[in-house]
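What follows is the residue order along each chain.
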Amino acid sequence: MSEKNTQWYEVRQSHNLGYRLMFFALRVFPAPLMRLLAYAVGFFYWLFDKKTRRVSRLYLSKVGKRSTLKHICSFAMNLVENVQTWAGKFSVTDLNFRDDDVQDLLSHVKAKEGTLVIISHLGNAQMMKGLAILGENGIEQKMEVTTISNENISGGFNSMLSEVNPDSSINHVSSDNIGPETIFYLQEQLEKGNLVVIAGDRVSAHSDRTIEIDFLGEKARFPYGVFLLISLLNVPTYFINGMRHKDICLNPKYDMCVKKNPLDFNCGRKEREERIRQTARHYAENLEKLCKAHPYQWYNFFDFWS
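As the structure is a prediction and not an experimental result, all values here were calculated from the model.

Caption draft 1: Layout of the sheet that holds strand β4 (residues 171-174). The strand order across the open sheet formed by seven strands is β1-β9-β8-β2-β5-β3-β4, and the pairing between neighbours is mixed. In the strand order of this sheet, the two ends are held by β1 (95-97) and β4, each with one partner. With strand direction ignored, the average angle separating the axes of adjacent strands in the sheet is 25 degrees. Relative to the sheet, helix α10 (residues 269-293) contacts β2 (115-119), β8 (237-244) and β9 (254-260), its axis offset from that of β8 by approximately 15 degrees.

Caption draft 2: The packing of helix α9 (residues 224-233) against α10, seen in detail. Between α9 and α10, the shortest axis-to-axis distance is 9 Å and the interhelical angle comes to 120 degrees. Looking at the two axes, α9 sits oblique to α10. Regarding α9 and α10, the two cross each other, and that crossing is right-handed. Here α9 contributes Tyr224, Phe227, Leu228, Ile230, Ser231 and Leu232 to the contact with α10, which in turn contributes Arg272, Glu273, Ile276, Arg277, Thr279, Ala280 and Tyr283. Here the contact of α9 with α10 is composed, by residue class, of eight nonpolar, two polar and three charged.

Caption draft 3: Region of the structure containing the packing of helix α8 (residues 180-191) against α9. Packing of α8 against α9 brings their axes to within 11 Å, and their N-to-C directions diverge by 55 degrees. As judged from the angle between their axes, α8 and α9 are oblique. For the pair α8 and α9, the crossing hand works out as right-handed. Contacts from Ile183, Leu186, Gln187 and Leu190 in α8 reach Leu229, Leu232 and Leu233 in α9. Taken together, the residues of the contact of α8 with α9 sort by class into six nonpolar, one polar and no charged.

Caption draft 4: The arrangement of a nonpolar patch on the surface in detail. A cluster of nonpolar side chains, namely Val28, Phe29, Leu33, Leu36, Leu37 and Leu250, defines an oily patch on the protein surface of about 540 Å² accessible area. Topologically, Leu36 is positioned in helix α2 (residues 31-48).

Caption draft 5: Region of interest: α2. Under the 1.5 Å per step criterion, the end-to-end length of α2 is 26 Å for 18 residues, consistent within 8% with the ideal 26 Å. By the burial criterion, the buried members of α2 are Ala31, Met34, Arg35, Ala38 and Gly42. Within α2, the buried residues cover an arc of 95 degrees as seen down the axis, which keeps them to one side. Turned more than 90 degrees off the buried face of α2, the exposed positions are Phe44 and Phe48.

Definitions and cut-offs
Residues numbered from 1 in each chain as written. Predicted model: local features only at pLDDT ≥ 70, side-chain atom pairs only at ≥ 80, totals over all residues. Heavy atoms only, no water. Pairing = 2+ DSSP bridges. Helix = DSSP H or I, 4+ residues; strand = E, 2+ residues; numbered from the N terminus. Axes fitted to C-alpha atoms, helices over the stretch in contact; angles between N-to-C directions. Contact = heavy atoms within 4.5 Å. Parallel < 35°, antiparallel > 145°, perpendicular 65-115°, else oblique. Left-handed = near helix turned anticlockwise from the far one by under 90°. Nonpolar A, V, L, I, M, F, W, Y, C, P; charged D, E, K, R; others polar. Patch = residues over 30% accessible without salt bridge, like charges linked within 9 Å, V, L, I, M, F, W, Y side chains within 5 Å. Areas by Shrake-Rupley, 256 points an atom, 1.4 Å probe, with all protein chains shown as cover. Salt bridge = Lys/Arg side-chain N within 4 Å of Asp/Glu carboxyl O. Expected span 1.5 Å × (residues − 1). Buried < 20%, exposed > 50% of the residue type's maximum accessible area, 1.4 Å probe, protein only. Arc of directions from axis to C-beta.

Treat this as a map of the structure, not an account of what it does.
If you want it as structure tokens, here you go:
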């Protein structure tokens, strides 16, 4: 009998206790030691979690790789990186700004022009948000960041973050019920020159409306609502990923990958709908390219193509 396909919002999130322990451990132990321990935890997780191994194998088969152990241990390293960032133990000096659209992004940030950032679960999204908020972004100024996320999944982590590092204040907007009031609030944040951040690689838990796109050789569903939001806010939009140079490393370096959405939405309603779908395709194409370059740093541990 085949196992039931599970969506991301049905997967129980149980990392908060581990995050809390790592926050306090990083005050005593060096980060390389924490990464070494993370490898041991990843091995334990790989050994006993059959479902995670199955979905890891499904994804890796699409990028020509096989090591589910390396994939899961890379994820364990990612958890340490998250904590290291929010604990203020990570520096922009460990980050390589690639020769892509990063200067265009920074020009908007320096001018305090509102910017929309679309992240994914490829690489380290928490690292990028943390660097922006804590002033470790290479432009000598902190940024105000508003994130849109599922409160049932990330609410516990957000509360814990405020407790362990009050300096990491961040505005949170629930993705559960985005309506006119939410749009107005986001527009206000953007008019102040703030960043708005949302992930584009997970479908909504409350809407069946999706955009089907060829992704790694098979049709996959992407959330229509995210790309509709891009059209409604109509500000400079960037797809951003923080990628580790090596999948598993005790002293890693990272690339900041920035791709600007080439489309705007200064157009009629009929054209806008086509541009929404084109933007989703641009996002998926960029994600696919990075998945092939860094196959073990994709952390969507559910059947993405179900």
